[in-house]
Amino acid sequence: MLRTAAEIGQVVRAQRQSQGLRQIDLAGIGNTGNRLIVDIEKGKPTVQLQKVLDVLELLGLEVTVRSKASRSAL
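Structure report, in brief. (Residues numbered from 1 in each chain as written. Predicted model: local features only at pLDDT ≥ 70, side-chain atom pairs only at ≥ 80, totals over all residues. Heavy atoms only, no water.)

Quick look at a nonpolar patch on the surface now. Judged by side-chain polarity, Leu49, Leu53, Val63 and Val65 come together as a nonpolar surface patch covering roughly 400 Å² of accessible area. For Val63, the position within the fold is in the segment after helix 4 (49-58). (Patch = residues over 30% accessible without salt bridge, like charges linked within 9 Å, V, L, I, M, F, W, Y side chains within 5 Å. Areas by Shrake-Rupley, 256 points an atom, 1.4 Å probe, with all protein chains shown as cover. Salt bridge = Lys/Arg side-chain N within 4 Å of Asp/Glu carboxyl O. Helix = DSSP H or I, 4+ residues; strand = E, 2+ residues; numbered from the N terminus.)

Okay, the packing of helix 3 (residues 34-42) against helix 4 next. Their axes nearest at 11 Å, the elements helix 3 and helix 4 cross at an angle of 90°. Relative to helix 4, the element helix 3 lies roughly perpendicular. Contacts from Leu36, Ile37 and Ile40 in helix 3 reach Lys51, Val52 and Val55 in helix 4. Taken together, the residues that form the contact of helix 3 with helix 4 break down as 5 nonpolar, no polar and 1 charged. (Axes fitted to C-alpha atoms, helices over the stretch in contact; angles between N-to-C directions. Parallel < 35°, antiparallel > 145°, perpendicular 65-115°, else oblique. Contact = heavy atoms within 4.5 Å. Nonpolar A, V, L, I, M, F, W, Y, C, P; charged D, E, K, R; others polar.)

A separate point is the nonpolar core. Listed in full, the 12 residues of the largest apolar core are Val12, Leu21, Leu26, Ala27, Leu36, Ile37, Ile40, Val47, Val52, Val55, Leu56 and Leu59. For this core, the secondary-structure elements that each account for two or more residues are helix 2 (23-29), helix 3 and helix 4. Not counting residues up to four positions away in its chain, the partners in contact with Ile40 are Ala5, Gly9, Val12, Val47, Lys51, Val52 and Val55. (Core = buried A, V, L, I, M, F, W, Y, C linked by side-chain atoms within 4.5 Å. Buried < 20%, exposed > 50% of the residue type's maximum accessible area, 1.4 Å probe, protein only.)

Mapped onto the elements of the fold, Leu21 is located in the loop between helix 1 (5-18) and helix 2. Each C-alpha atom, one on Leu21 and one on Ala5, is 21 Å from the other, the two residues being 16 residues apart in sequence. With residues up to four places along the chain from it excluded, the contact list for Leu21 reads Arg16, Leu26, Ile29 and Leu59.

It is worth stressing that arrangement in space is one thing and function is another; only the former is reported here.
This is the structure in structure tokens:
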């Protein structure tokens, strides 16, 4: 479960590296600037959501949103 932009950035970096891509390579494939990839991987919280989703798609990753599990009363 990921809760922060920094955690998403760590996953993006790990996936990119596992595919043998440099940041500039991923930027080229995505037809975007290298700065976007750097910002995502650094966990910059103001990166546009659609751009993050596009990069995740390029890397073969997806986002799932679900309700939090109910917590039992103490």
